[in-house]
Amino acid sequence: MRFEISKVLDAIEGRVCTDPSLARAVLDLAEVIRYQNLDSGRPASLLRLGMVIDALARELEEDSVPVYAVVHRALLSDADLTSNERMVVRRWADDGLVEVLDNPGDRMLEVADLLGLPVLSRARFDGLRGRFPWLVEQPGRVLAPVPGAGGPVFIAHVGGGNVPVAGSRSPAGAKLLARQWRCPEPGCALFGGGGGGGAFADLARVDRAPAGQPPPSLRNGVPICPRHGARLGDAGPRPRTEVLAVRIGGMVRRRFVLTEGQPVLVGRAPDQQGGIVLGQWLNDEARRWISRSHLRFELRATAPGRGAASDAPSWSGRGEVIVTDVSTNGSGIRPGGSMAEPDRVPLSPQQSRALAARDMVELYPGVQVGRAEDLPTGAPFTPTSVMAEAPTMAMRLPRP
Ligand SMILES: [Zn+2]
């Protein structure tokens with residue numbers, strides 16, 4: 001039993017991150033963990049986080065939706081958690097997967113404001129509506145998890161809907177996220193120095209690009225480390241990024257960040273740290289067709305003269321997504337996202353192409369990669385539960 005619980009906790013670990021491009025909602029870990037009514041279980045349980053993440057995946061109709069968790073420091077030694085759970089939360093803290101704070105205060109709302117994320121909380125935040133007008137103006141920005149028949153469901157504080165709604169990054173957030181920041185505190189897990197290691201030592205597990213630094217906290221307009229309260233140093237422009245998504249059988253299975261100058265391989269089981277593994281979602285036919293490494297994606301700066309002036313921050317230009325087929329069997333391009341067969345353009349092995357607006361690459365019928373904002377999700381499938389002990393599921397794909 002203990003062994004299975006650790007596997008579940010490992011799966012949950014893959015769904016917590018402070019990457020501004022990947023997190024889909026903000027929550028207060030202590031609140032979720034202590035929400036006893038959710039399952040009428042122990043006073044504190046880390047498994048409730050998995051239940052809330054599953055609920056989020058159901059509402060967004062996507063697999064693998066990560067949450068941005070703000071954690072009160074006291075939780076690291078909370079006696080109501082099992083020793084195993086405490087160890088896991090400490091590991092998340094050390095790896096910068098969660099934000100550990102001495103006094104979380106309104107940091108959860110600040111993150112939601114800077115990143116434009118929905119908030120999952122039962123709190124009403126009455127005193128903060130002046131500072132964060134979206135609390136009342138945008139239905140679906142704050143939802144309370146409540147017990148439901150098949151696990152938690154959400155109820156919006158305003159408007160009464162069930163689906164978390166993202167806003168847009170605040171102007172301050174856009175400005176902060178254009179730069180990289182460095183905390184003077186040695187070994188800071190959130191804003192570690194440029195010496196390598198630290199927060200980015202284990203990219204494969206953390207699943208975060210180096211461009212995935214969390215948003216600093218703002219105090220009187222000055223960026224500070226939310227963990228240490230220290231003023232952050234400007235470490236130069238943040239690399240340009242683009243969020244891509246993998247859609248299989250009509251549902252987005254995961255998103256990933258493409259960072260300028262760091263190509264990413266996608267395939268059945270690519271031999272690259274940080275490569276995107278599709279094997280667990282494929283049926284036998286698709287597995288035979290799709291190579292271990294099938295596609296390589298790269299983000300390139302657009303040619304000078306196109307787009308913004310040279311002194312503009314790098315994020316203002318979109319960059320160009322280049323796809324190269326590195327497979328045995330080839331792929332296809334769906335121009336503008338068209339699913340009509342005559343529109344499909346073959347992409348032969350070793351061929352490259354820049355993705356135009358809404359273009360998708362198809363590795364095999366029903367297996368597509370494109371910009372996350374261009375890939376509608378949904379489909380008559382239920383997202384894979386993060387609580388499942390072994391999250392493997394062979395999809396039945398449409399026939400070629
Ligand atoms: Zn720090």
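For the structure, check the block above.
We now turn to the structure provided with this report. Note that the structure is a prediction, hence the values are computed from the model and not measured. (Residues numbered from 1 in each chain as written. Predicted model: local features only at pLDDT ≥ 70, side-chain atom pairs only at ≥ 80, totals over all residues. Heavy atoms only, no water.)

**Thoughts on the coordination of the zinc ion**
For step 1, the next point in the chain: Distances from the zinc ion to its protein donors, namely C183 (SG), C188 (SG), C225 (SG) and H228 (ND1), fall within the range 2.1 to 2.3 Å.
For step 2, the next point in the chain: Each of the four donor atoms bound to the zinc ion contributes to angles spanning 105 to 115°, and the resulting shape is tetrahedral.
For step 3, the next point in the chain: One chain supplies every donor to the zinc ion, and in sequence these donors are spaced C-x4-C-x36-C-x2-H. Of the two residues, C188 is situated in the loop between β7 (179-182) and α8 (203-206) and H228 in the loop between β9 (222-224) and β10 (233-237); the sequence distance between them amounts to 40 residues. (Donors = N, O, S within 2.8 Å, 3.2 Å for Na, K, Ca; no water. Tetrahedral: all angles 85-135°; square planar, octahedral: opposite > 155°, others 65-115°. Helix = DSSP H or I, 4+ residues; strand = E, 2+ residues; numbered from the N terminus.)

**Re the nonpolar core**
For step 1, the next point in the chain: One finds I12, L27, L29, L49 and W92 to be the most contacted residues of the largest nonpolar core, which totals 44 residues.
For step 2, the next point in the chain: Of all the secondary-structure elements, those providing two or more residues to this core are α1 (2-13), α2 (29-33), α3 (47-60), β2 (68-72), α4 (83-94), β5 (142-146) and β6 (153-156).
For step 3, the next point in the chain: Considering every element that reaches this core, the biggest residue donor is α3, with eight residues.
For step 4, the next point in the chain: Apart from the residues lying within four places of it in its own chain, the contact partners of L27 are V32, L49, V52, V67, Y68, A69, V70, M108 and L120.
For step 5, the next point in the chain: L109, L117, L135 and L375 belong to the second largest nonpolar core, which has 27 residues in total. (Core = buried A, V, L, I, M, F, W, Y, C linked by side-chain atoms within 4.5 Å. Buried < 20%, exposed > 50% of the residue type's maximum accessible area, 1.4 Å probe, protein only. Contact = heavy atoms within 4.5 Å.)

**Section: the sheet that holds strand β13 (residues 264-267)**
For step 1, the next point in the chain: In space, the five strands of this open sheet follow the order β14-β13-β15-β16-β19, with mixed pairing throughout. Among the strands making up the open sheet, the edge pair consists of β14 (276-277) and β19 (352-354).
For step 2, the next point in the chain: Summarising the sheet, strand β15 (residues 295-300) and strand β16 (residues 320-325) pair through six bridges and their orientation is antiparallel. Note on β16: the bridge partner recorded for L299 is V321. (Pairing = 2+ DSSP bridges.)

**Digging into the pairing of β5**
For step 1, the next point in the chain: The element β5 is extensively covered by neighbouring structure, given that five of its five residues are classed as buried.
For step 2, the next point in the chain: The two faces of β5 match: V142, A144 and V146 on one face and L143 and P145 on the other face are all buried.
For step 3, the next point in the chain: When strand β4 (residues 119-120) meets β5, the two strands line up parallel, connected through two bridges. The residue bridging V119 from the neighbouring strand is V142, located in β5.

Keep in mind these numbers describe shape, not what the thing actually does.
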